[in-house]
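# Summary of the model geometry
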Amino acid sequence: MTNPAYTALRAELRRGLAPWTGPAVALTLLVTLWGKAPQWQGSWGETQSQLHSAAGLLAGPLVAAAACWQGGREHRRRTAELLLSVPRSRLAQATTAATPIALWAAAGYLLALGVALPRTPGPAARRSPSSPRTSVSCCPSASWGSSSAGWCGGG
């Protein structure tokens, strides 16, 4: 038997605003990186710096806005009273609603990272102490923070 929380999460991952968040984040980051290509294509450190700046300044607010829209959904649909009668806690409902935004945002970030990574010099040419793992490990926590903060602001 399938857990109802997984069923709800799977439905949220496929419908609504969440599937549009990933491509929007990827497109925002890739357009920003493409506009400054001569600056970051020289080293992985510059690539990481440009990607981190674009993610924090452009993609973070985009994810927060998407999460705000997702968080205000019960109010717009006038289903707040209905959701109070559900046996799941408010935290479980919020987590189920906010997780798809964070997962799609992380996927968009990883897509932008995957496009930018081949355009940087190989490991032998890198002199920066940072590595691709630094950007990848920061991505899920940053997208979850933006989506949960936005969801709380929209609810």
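Presented here is an overview of the structure given in this document. Please read these numbers as outputs of a predicted model, since none were measured by experiment.

Looking now at the environment of Ala18. Structurally, Ala18 is set in helix α2 (residues 18-35). Owing to a relative accessible area of 1%, Ala18 belongs among the buried residues under this scheme. In this structure the C-alpha to C-alpha distance between Ala18 and Ile101, which are 83 residues apart in sequence, comes to 4.8 Å. If we ignore the near neighbours within four places in the chain, the residues touching Ala18 are Glu12, Pro100, Ile101 and Trp104.

The subject of this paragraph is the packing of α2 against helix α4 (residues 44-71). It is at 9 Å that the axes of α2 and α4 come closest, and there the two elements cross at 150 degrees. Between α2 and α4, the interaxial angle falls into the category roughly antiparallel. As α2 runs across α4, the sense of the crossing is right-handed. Touching Thr21, Ala24, Val25, Thr28, Leu29, Thr32 and Leu33 of α2 are Gln50, Leu51, Ala54, Ala55, Leu58, Ala59, Leu62, Val63 and Ala66, all from α4. Residues belonging to the contact of α2 with α4 are distributed by class as follows: 12 nonpolar, four polar and no charged.

Rules behind the numbers
- Residues numbered from 1 in each chain as written.
- Predicted model: local features only at pLDDT ≥ 70, side-chain atom pairs only at ≥ 80, totals over all residues.
- Heavy atoms only, no water.
- Helix = DSSP H or I, 4+ residues; strand = E, 2+ residues; numbered from the N terminus.
- Buried < 20%, exposed > 50% of the residue type's maximum accessible area, 1.4 Å probe, protein only.
- Contact = heavy atoms within 4.5 Å.
- Axes fitted to C-alpha atoms, helices over the stretch in contact; angles between N-to-C directions.
- Parallel < 35°, antiparallel > 145°, perpendicular 65-115°, else oblique.
- Left-handed = near helix turned anticlockwise from the far one by under 90°.
- Nonpolar A, V, L, I, M, F, W, Y, C, P; charged D, E, K, R; others polar.

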